[in-house]
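Chain residues, written in single-letter form:
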Amino acid sequence: SNGTSLREPASGASCDLMARPLASEGDDEVVGPKGVVRKVEFVRIIAEALYSLGYKKTGAHLEEESGIPLHSSAVNSFMQQVLEGKWDESVVTLHRIGLVDESIIKLASFVILEQKFFELLDGENFMDALKTLRTEIAPLCVNSDRVRELSSCIVSPSHCDLFRFSGKDTITVKPRSKLLEELQRLL
């Protein structure tokens, strides 16, 4: 969308308010009476809404019938890499997705690398956690207060309130599926 309102005036026939395809070619095909909504994005919004409401089969059917996948192959790769804990690969893929806002890319990279840091600490791999903090997280220059909090986790993990503690007083990190949800909201 280019910021133009999609609302039509109340006057006129109701059929004028219905989205209808306009003559165009390729991925630039648009729908609606003013032609401001790209068909690909419109189908993706509908599919995402169907999935979020629990209509998985209907969403999949829409993707199949329209030939428009909800996510690009780069986004699917990114999501899979996050779920598998392939942190370095996921940061590289994040830069290839095609986001234009560099601050969002840096923030998303920070969130990914923070998870990497916590998982390294959870595995008692303190030297790699420190290396991740010094060479990957700090150079992003995002949230220096948070970087200091992370460094305190290396010095005194038992006092680190950034972890969730299980019933046995053992440190657990955020599930990767929750990380993916956080990234989806951010992106």
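Residues numbered from 1 in each chain as written. Predicted model: local features only at pLDDT ≥ 70, side-chain atom pairs only at ≥ 80, totals over all residues. Heavy atoms only, no water.

With respect to the element layout, Lys116 can be found in helix α5 (residues 102–122). Apart from residues lying up to four places away in sequence, Lys116 is in contact with Trp87, Asp88, Thr132 and Glu136. (Helix = DSSP H or I, 4+ residues; strand = E, 2+ residues; numbered from the N terminus. Contact = heavy atoms within 4.5 Å.)

On to unusual backbone geometry. With phi around 55 degrees, Cys141 is a residue other than glycine that occupies positive phi space. Looking at the secondary structure, you find Cys141 in the loop between α6 (126–137) and α7 (144–155). The backbone of Asn143 sits at a positive phi, close to 55 degrees, despite the residue not being glycine. Mapped onto the elements, Asn143 comes out in the loop between α6 and α7.

Time to look at the packing of α6 against α7. Two numbers describe how α6 lies on α7: the axes approach to 10 Å, and their chain directions differ by 160 degrees. Taken together, the axes of α6 and α7 are roughly antiparallel relative to one another. Between α6 and α7 the crossing geometry is left-handed. Between α6, through Ala129, Leu130, Leu133 and Ile137, and α7, the contact on the second element is made entirely by Val147, Leu150, Ser151 and Ile154. When grouped by side-chain class, the residues that make up the contact of α6 with α7 number 7 nonpolar, 1 polar and no charged. (Axes fitted to C-alpha atoms, helices over the stretch in contact; angles between N-to-C directions. Parallel < 35°, antiparallel > 145°, perpendicular 65-115°, else oblique. Left-handed = near helix turned anticlockwise from the far one by under 90°. Nonpolar A, V, L, I, M, F, W, Y, C, P; charged D, E, K, R; others polar.)

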